[in-house]
Amino acid sequence: QVQLVESGGGLVQAGGSLRLSCAASGRAFSTFTVGWFRQAPGKMRELVAAISSGGLINYADSVKGRFTISRDNPKNTVYLQMNTLKPEDTAVYYCACGFVPLRSSPQEYNYWGQGTQVTVSS
């Protein structure tokens, strides 16, 4: 069993930055693929970025060049650095993990955090 806790969300002006953290319990966390997803009101949950156990990374086109995903396995933590934020980045951000390929859909992930709200004002 793995428990995930997100933190770092908040309110920021357009052009600003935030860093989200996903802290995990469980010894096998380093072996999982970890993804950051987001869901805006009335929209489907979408992949933002994912990182494999070996460090391979996949980004959504909408965040390439602005967001960076990284992991610190000794700390059981995955980060999402978000720069040059836009109002359209406003959503609840979730982290998830599982033994899944890098481009997996949300339904394929096994464990989820509770989410953290990111609001970008214009």
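Please refer to the structure placed before this passage.
Because the structure is predicted, anything quoted here is derived from the model rather than measured. (Residues numbered from 1 in each chain as written. Predicted model: local features only at pLDDT ≥ 70, side-chain atom pairs only at ≥ 80, totals over all residues. Heavy atoms only, no water.)

Peer 1: Lay out the overall build of the protein chain with the relevant residues and their values.
Peer 2: Counting secondary structure elements, the protein chain contains 0 helices and 11 strands. Reading the protein chain from its N terminus to its C terminus gives the helix and strand order β-β-β-β-β-β-β-β-β-β-β. A compact globule built from 122 residues would reach a C-alpha radius of gyration of about 14 Å, and the protein chain, at 13 Å, matches this within 12%. When burial is assessed residue by residue, the protein chain has 48% of its 122 residues classed as buried. Accessible area for the protein chain stands at about 6200 Å²; split by element, carbon and sulfur atoms hold 50% of it. Measuring between centres, the 11 positive side-chain charges of the protein chain sit 4 Å from its 7 negative side-chain charges. (Helix = DSSP H or I, 4+ residues; strand = E, 2+ residues; numbered from the N terminus. Rg over C-alpha atoms; globule rule 2.2 N^0.38 Å. Buried < 20%, exposed > 50% of the residue type's maximum accessible area, 1.4 Å probe, protein only. Areas by Shrake-Rupley, 256 points an atom, 1.4 Å probe, with all protein chains shown as cover. Lys, Arg positive; Asp, Glu negative; His and termini not counted. Charge placed at Lys NZ, Arg CZ, Asp CG, Glu CD.)

Peer 1: Mind laying out the nonpolar core, listing which residues take part and the relevant values?
Peer 2: Ranked by internal contacts, the top residues of the largest apolar core, which has 30 residues, are Trp 36, Leu 80, Met 82 and Tyr 93. Those elements giving two or more residues to this core turn out to be β3 (18-25), β4 (33-39), β5 (46-51), β7 (67-72), β8 (77-82), β9 (91-98) and β11 (116-121). Setting aside residues up to four positions removed in sequence, Tyr 93 forms contacts with Glu 6, Leu 20, Trp 36, Phe 37, Arg 38, Val 48, Phe 67, Leu 80, Met 82, Gly 115, Thr 116 and Val 118. If you look at the next biggest cluster of nonpolar residues, it comprises 7 residues, including Leu 47, Val 100, Leu 102 and Tyr 109. (Core = buried A, V, L, I, M, F, W, Y, C linked by side-chain atoms within 4.5 Å. Contact = heavy atoms within 4.5 Å.)

Peer 1: How would you explain the pattern of salt bridges if you had to name every residue and give the values?
Peer 2: Should the charged atoms of two oppositely charged side chains come close, the side chains can pair. On inspection of all chains with the given rule, the structure shows 4 salt bridges. Put simply, Glu 46 and Arg 38 hold a salt bridge, and the shortest N to O gap is 2.7 Å. Close ionic contact of Asp 61 with Lys 64 constitutes a salt bridge, the shortest N to O distance being 3.1 Å. Accessibility expressed as a relative area gives 64% for Asp 61, which makes it exposed. (Salt bridge = Lys/Arg side-chain N within 4 Å of Asp/Glu carboxyl O.)

Peer 1: Explain the packing of aromatic side chains residue by residue, including any values.
Peer 2: All told, the structure shown has 6 aromatic pairs when counted by the stated rule. Taken together, a centroid distance of 6.3 Å and an interplanar angle of 80° make the contact between Tyr 94 and Trp 112 edge-to-face. One end of the pair, Tyr 94, is in strand β9; the other, Trp 112, is in strand β10 (residues 111-112), with 18 residues separating them in the sequence. Of the residues examined, Trp 112 reaches a relative accessible area of 27% and is grouped as partly exposed. Among the aromatic residues, those joined into a cluster by ring pairs are Phe 37, Tyr 94, Tyr 109 and Trp 112. If you follow Arg 45 out to its NZ or CZ, it ends over the ring of Tyr 94, 3.8 Å from the centre. The ring of Phe 29 has Arg 71 sitting right over it, with the charged end atom 5.6 Å from the ring centre. (Phe/Tyr/Trp six-rings, centres within 6.5 Å; stacked < 30°, edge-to-face > 60°. Lys NZ or Arg CZ within 6 Å of the ring centre and 35° of its normal.)

Peer 1: Break down unusual backbone geometry for me, with residues and values.
Peer 2: Even without glycine at this site, Asn 76 takes up a positive phi of about 50°. Considering the arrangement of structural elements, one finds Asn 76 in the loop between β7 and β8. A relative accessible area of 18% means that Asn 76 is categorised as buried. Despite not being glycine, Thr 84 shows a phi value in the positive range, around 50°. By the element assignment, Thr 84 lies in the loop between β8 and β9.

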